[in-house]
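One-letter residues, chain by chain:
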Amino acid sequence: MSFANKVVIITGASSGIGAATAILFSQEGANVVLVGRNEIKLASVARKCENPLIIKADVTDMDDAKRMIAETIDTHGKIDVLVNNAGIVRYESILDENVLETFDALIDTNLRALFNITRLAVPYLIETKGNIVNISSIAGKIVPDSRLVAYGISKAGVDNFTKGLALELSKYGVRVNAISPGPVKTDILENAGDETPWECFTPAMPLGKVGEPDDIGHLVLFLASDKAGSITGVDYVCDNGVMLK
Ligand SMILES: NC(=O)c1ccc[n+]([C@@H]2O[C@H](COP(=O)([O-])OP(=O)(O)OC[C@H]3O[C@@H](n4cnc5c(N)ncnc54)[C@H](OP(=O)(O)O)[C@@H]3O)[C@@H](O)[C@H]2O)c1
C-alpha cells in the first residue's frame, strides 16, 4: 500500500493509536502531519517518521485548528487523508457535581473539534478526492462501563457524523469511514487517571488479547488506500471480539 506523495494529517499523533498510524503511513511513503500538544511525545514520534511536519496544536482551539490546515497547505499544497484520531476518556456519574464540565470536555475534544477540523479540511479533500478516517469506539455502540456514558455519546456522534458526511461528500468522490476499537494498549486510561492495567481486559476478550495500536493503524491505512475505493460510510469494529459477548 503505497502512500508516496500523499499528504496525511493525523490528529493525536503524539501517542498511542495516532502515533502508530503516523509511523505506518510514513513507512509507506506518506508526508505525515503530526498534530498534538505534547512536544516531547511529538518529537519522539517524529524521529520515527520521514520528513514529518510537526504541528503543536490543541484540536479544540479554533485558531489552532485553522493553523494546522494552513500550515499543511503552506508546506505541502494539498491534503489527501485526514485521520481524526485525537480523543480523551473521562469518567463521570450523572450524580457528580461537575458532570456537565466533564460532558463538555468530552464533546469538545471528541466530537466538536473533529467536526470543526473536518469542516476546514473538506475543501482540500474535495480537490484531491481524498478521504477521512474517524477513530470512534465500541463505547459509542455499547455501554462497557456506566461511567463512560458521556464518552459513548461523543463517539456515537462520531458514528452518525461519519455516515452523514459520507453521504454528503460521495458526490465529490471523497470517502469517509470510521474505526471503532475495543480496548487498545495506549496512554488513554492513564491520561484519564485510571490505573487499571490493560491485562485486566484480557479475560473478557474472545481472541484472548488486548489490542495494539498497530492493529488499528493497519486498518486506517487500508481504509485510506485505493484498495478501499468502494468503501464509504462504514464503521469497522476492531475489538478482538469483545462486542460478541
Ligand atoms: N485505547 C483504547 O482502548 C481506545 C479504544 C477505543 C477508541 N479509542 C480512541 O482512539 C483515539 C486515540 O486514543 P489513544 O488510545 O491512542 O489514546 P492516547 O494514547 O491517550 O492518545 C490520545 C491522543 O490524542 C491527543 N489529544 C487529546 N486531546 C487533544 C487536544 N485537545 N488537542 C490535540 N491533541 C489531543 C493526544 O495528544 P497530546 O496529549 O499531545 O495533546 C494524544 O496524541 C481516541 O479518539 C480514543 O477515543 C481508544
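That block above? That's the structure.
Residues numbered from 1 in each chain as written. Predicted model: local features only at pLDDT ≥ 70, side-chain atom pairs only at ≥ 80, totals over all residues. Heavy atoms only, no water.

(A) View of the side chain of S14. With respect to the helices and strands, S14 occurs in the loop between β1 (7-11) and α1 (16-27). Among all residues touching S14, those that are not within four sequence positions of it are A19, V35, G36, N38, K41, L42 and V45. (Helix = DSSP H or I, 4+ residues; strand = E, 2+ residues; numbered from the N terminus. Contact = heavy atoms within 4.5 Å.)

(B) Representation of the site of the ligand within the structure. Taken together, 31 residues sit near the ligand, with S14, S15, R37, Y151 and T186 positioned nearest. One of the backbone N or O atoms of G12 is found 3.0 Å from an oxygen atom in the ligand. Taking S15, its side chain carries an N or O atom lying 2.5 Å from an oxygen atom of the ligand. Contact with the protein chains hides 95% of the accessible area of the ligand, taken as 880 Å² for the molecule alone. Contributions of two or more residues to the shell around the ligand are made by α1, α5 (149-169) and α6 (188-191). (Near = heavy atom within 4 Å. Polar contact = N/O pair within 3.5 Å; in protein donor to acceptor, adjacent residues only side chain to side chain. Areas by Shrake-Rupley, 256 points an atom, 1.4 Å probe, with all protein chains shown as cover.)

(C) Molecular detail of unusual backbone geometry. The backbone phi angle of N5 is positive, close to 65°, even though this residue is not glycine. On the secondary structure map, N5 appears in the segment before β1. The backbone of N51 shows a phi angle near 45°, a positive value even though the residue is not glycine. The exposure class of N51 is exposed, given its relative accessible area of 62%. (Buried < 20%, exposed > 50% of the residue type's maximum accessible area, 1.4 Å probe, protein only.)

(D) Structural view of the pattern of salt bridges. Inspection of every chain in the model, using the stated rule, returns nine salt bridges. Among the ionic pairs, D159 bridges to K141, the shortest N-O distance being 2.6 Å. A residue pair is termed long-range when its members are at least 10 positions apart, and D159 in helix α5 and K141 in the loop between β5 (131-135) and α5 qualify at 18 residues. Judged by relative accessible area, which is 9%, D159 ranks as buried. A residue is classified by how much of its surface remains accessible, and K141, at 32% relative accessible area, is partly exposed. Within this structure, D64, R67 and E71 form a network of salt bridges that share partners. (Salt bridge = Lys/Arg side-chain N within 4 Å of Asp/Glu carboxyl O.)

(E) Expanded view of the pairing of strand β3 (residues 53-56). Covered by surrounding structure in β3 are L53 and I55 only, the residues I54 and K56 on the alternate face being uncovered. With four bridges connecting them, strand β2 (residues 31-36) and β3 associate as parallel partners. Within the sheet, the bridge partner assigned to G36 lies in β3 and is K56. As a crossover connection, the stretch from β2 through helix α2 (residues 39-46) into β3 is right-handed. (Pairing = 2+ DSSP bridges. Right-handed = clockwise from strand over helix to strand, strands pointing away.)

(F) Layout of α5. A rise of 1.5 Å per residue sets the reference length of α5, with its 21 residues, at 30 Å; its end C-alpha atoms lie 30 Å apart and thus fit the reference within 8%. Of the positions making up α5, those classed as buried are A150, Y151, G152, S154, K155, V158, D159, F161, T162, L165, A166 and L169. Contact partners of the buried residues in α5: α4 (99-128), β5, β6 (175-181) and β7 (235-238). (Expected span 1.5 Å × (residues − 1).)

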